[in-house]
Amino acid sequence: MTQGLVRALPTAWVVRGEVPGPDVDEFANPEQVRVALAGAGPDTLLAAQHPHRTPAAIAAGLGLAESLPHAREVLARLRAAHYRRVTDVVAPYIVDGTDGTAAGLLALVDPEAVGGDGVAQVRHSEEVYPEVVAERSAVLAGLGYSTSAALLVPVRGGEELTAAVEQVARGLGDPAVRSVDSAGRRHLLWLLGPGPQRDGLLARAGAQPLLVADGNHRVAASAAAGLGGMLAMVTGGPALQIGAIHRVLSGTGRGGSELVAAWRSVGLAVAETTPHEPSHPGTVVAVTDQGTYTITLPPPGAGEPVPRIDHAVVERLLLAEALGVDPAGPSVRALPAPQLGGLALPAGVDALLLLAPVPYEDVLSVHAQSRTMPRKSTYFTPKPRSGLLLADLAG
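For the structure given in this document, a descriptive report is provided here. (Residues numbered from 1 in each chain as written. Predicted model: local features only at pLDDT ≥ 70, side-chain atom pairs only at ≥ 80, totals over all residues. Heavy atoms only, no water.)

Here we come to the sheet that holds strand β14 (residues 245-249). Two strands in a sheet stick together by hydrogen bonds in their backbones, pointing the same way (parallel) or opposite ways (antiparallel). Here 6 strands make up an open sheet; going across it, the order is β15-β17-β16-β19-β14-β18 and the pairing antiparallel. Both outer strands of the open sheet, β15 (269-273) and β18 (332-336), are each paired with one neighbouring strand and no more. Sheet twist, expressed as the average angle between the axes of neighbouring strands with direction ignored, equals 25 degrees. Across 3 bridges, β14 lies against strand β19 (residues 351-354) in antiparallel orientation. By the bridge assignment, V248 is partnered in β19 with L352. Sitting on the sheet, helix α10 (residues 310-323) touches β14, β16 (283-288), β17 (291-296), β18 and β19, and the angle it makes with β14 is about 10 degrees. (Pairing = 2+ DSSP bridges. Helix = DSSP H or I, 4+ residues; strand = E, 2+ residues; numbered from the N terminus. Axes fitted to C-alpha atoms, helices over the stretch in contact; angles between N-to-C directions. Contact = heavy atoms within 4.5 Å.)

Another aspect to go through is the packing of helix α5 (residues 130-143) against helix α8 (residues 216-225). Where α5 contacts α8, the two axes come as close as 8 Å, and the packing angle between them is 55 degrees. Compared by their axis directions, α5 and α8 come out oblique. The crossing of α5 and α8 is right-handed. Here V132, V133, R136, S137, L140 and A141 of α5 lie close against α8, whose contacting residues are H217, R218, A220, A221, S222, A224 and A225. Its residues assigned to classes, the contact of α5 with α8 shows 8 nonpolar, 3 polar and 2 charged. (Parallel < 35°, antiparallel > 145°, perpendicular 65-115°, else oblique. Left-handed = near helix turned anticlockwise from the far one by under 90°. Nonpolar A, V, L, I, M, F, W, Y, C, P; charged D, E, K, R; others polar.)

Counting residues in hydrophobic clusters, the biggest one holds 59 residues, and the most contacted among them are L45, L106, L189 and L389. In terms of residue count, the dominant contributor to this core is helix α4 (residues 64-82) (6 residues). Beyond its immediate chain neighbours, meaning those up to four positions away, L45 contacts V19, P20, V24, L75, L78, Y83, T147, G387 and L390. In terms of nonpolar packing, the next biggest core, distinct from the first, is built from 30 residues, L5, A103, A169 and M230 among them. (Core = buried A, V, L, I, M, F, W, Y, C linked by side-chain atoms within 4.5 Å. Buried < 20%, exposed > 50% of the residue type's maximum accessible area, 1.4 Å probe, protein only.)

Glancing now at the pattern of salt bridges. In total, this model carries 13 salt bridges according to the counting rule given. Its salt-bridge partner being E18, residue R385 comes within 3.4 Å of it at the nearest N-O pair. Of the two residues, R385 is situated in the loop between β20 (379-381) and β21 (389-392) and E18 in the loop between β2 (9-15) and α1 (30-38); the sequence distance between them amounts to 367 residues. Taking the relative accessible area as the measure of exposure, R385 reaches 13% and is therefore buried. The class of E18 is partly exposed, set by a relative accessible area of 42%. A salt bridge links D23 to R385, with the nearest nitrogen and oxygen atoms 3.4 Å apart. One end of the pair, D23, is in the loop between β2 and α1; the other, R385, is in the loop between β20 and β21, with 362 residues separating them in the sequence. (Salt bridge = Lys/Arg side-chain N within 4 Å of Asp/Glu carboxyl O.)

Considering all chains together, one arrives at 1 aromatic pair under this definition. Ring centres of Y360 and F380 lie 6.1 Å apart, and the angle between their planes is 80 degrees; this geometry places the pair in the edge-to-face category. Pair noted here: Y360 is in helix α11 (residues 360-368) and F380 is in strand β20, with a separation of 20 residues, a long-range link. Positioned above the aromatic ring of Y129 is the side chain of R375, whose terminal nitrogen or guanidinium carbon lies 4.8 Å from the ring centre. (Phe/Tyr/Trp six-rings, centres within 6.5 Å; stacked < 30°, edge-to-face > 60°. Lys NZ or Arg CZ within 6 Å of the ring centre and 35° of its normal.)

This brings us to the sheet that holds β2. Taking strand neighbours across the sheet as the criterion, the 4 strands line up as β3-β2-β21-β7 in an open arrangement whose pairing is antiparallel. Whereas interior strands pair on both sides, the edge strands pair on one side only; in this sheet they are β3 (83-89) and β7 (145-146). Here β2 runs beside β3; their pairing, made up of 6 bridges, is antiparallel. What sits directly across from V15, in β3, is Y83. Relative to β3, α4 is tilted by about 90 degrees, and along the sheet it contacts β2, β3, β7 and β21.

Our focus in this paragraph is unusual backbone geometry. The linkage connecting V306 with the following residue, P307, adopts the cis geometry, with an omega of 0 degrees. Locating P307 in the fold gives a position in the loop between β17 and α10. Residue P382 follows T381 across a cis peptide bond; omega there is -5 degrees. With a phi close to 55 degrees, D88 is a non-glycine residue in the positive phi region. Along the polypeptide, D88 turns up in strand β3. Under the relative-accessibility criterion, D88 is labelled partly exposed at 33%.

Contact geometry for helix α9 (residues 256-265) and α10: axes closest at 9 Å, N-to-C directions at 100 degrees. One finds that α9 runs roughly perpendicular with respect to α10. Contact residues: L259, A262 and W263 in α9; L318, A322 and L323 in α10.

Glancing now at α11. Along α11, the positions that sit buried rather than exposed are D362, V363, V366 and H367. Taken end-on, α11 shows its buried residues confined to a sector of 135 degrees, consistent with a single buried face. Of the residues in α11, the exposed ones pointing more than 90 degrees away from the buried face are E361 and A368. Where α11 is buried, its residues touch β6 (122-123), β11 (210-214) and β13 (241-243). Count one or two residues on from α11 and you reach S370, which has phi positive near 60 degrees. (Arc of directions from axis to C-beta.)

Right, dumping it as structure tokens:
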């Protein structure tokens, strides 16, 4: 085991009842956060996480740095009204829903831990947006609290951790927290203090390097904030699922026929189809204002690493080469499949680019080759629910 990779939470705050305010896990982009905050009260966990997007901050023209003192006040009031303080604990955690089941351990993880071989022990699965990392790092450092847990998967031996967590949870009786989120998932959280059981769970959770399944930006932000740890759920499943993350294209000034012509100009095979989400890698379904098209991606070229991730081809060929669009720019937005909301083209959007889920074995293979996938390629479920437990990172 890597010493100190996974450890107990010195101080944490456990929710009493329900998380205050909108479900902070529902929102995919800043605009959705702004809309939710406009309809919520001033003292919500979402307001503490995004203080510069509250109606009051926007009206006053406050940026993130100027909004953080108010965020600390909001979080202090939330802790006093909705949480109870606990010390020196880990949290066995089980979440179950139609999109999978996970039994794992909520604990403090060192995002910068390095093994005896000099290799990082928390390993990113995807690239990140630097501006998102910078914003989240500032919030973490400003609050001194982690309110959302990253989802980390042992690269080997996850089934042993799952069995150990389930066995310990059965022996602990009623959970400290029961919650059902907006998607109907059931969340159960127990608290476990010092003793042989906790030592055993920590040993299993830290026995192998950890792959970031969900929360690459949170992990990078935690490392940048320099607080020495981050809140994470370490889990081997038993039934994690990977959903698709699509791309929304806007601001190009091109209609459907012009997009199709541009894609064909770089050698892509494009054919009319009916709206649907692809189930297997290798094709992209483009929904436009003038019809829906299947785009067949070319096979990997000579020397190109395999497995190839479709998102990389879309960014390089469909966006950058064919359209001259920066995949990391404002014209492209990632959209998790659960937030798609139908296959009709939304107003103001040039195209929906629907991609198939990345197979789990491809995720592991890419990691084994020391590669990373493009930003926002995978949507792992089920995730731990934000706000059930707050980790004090500043002591």
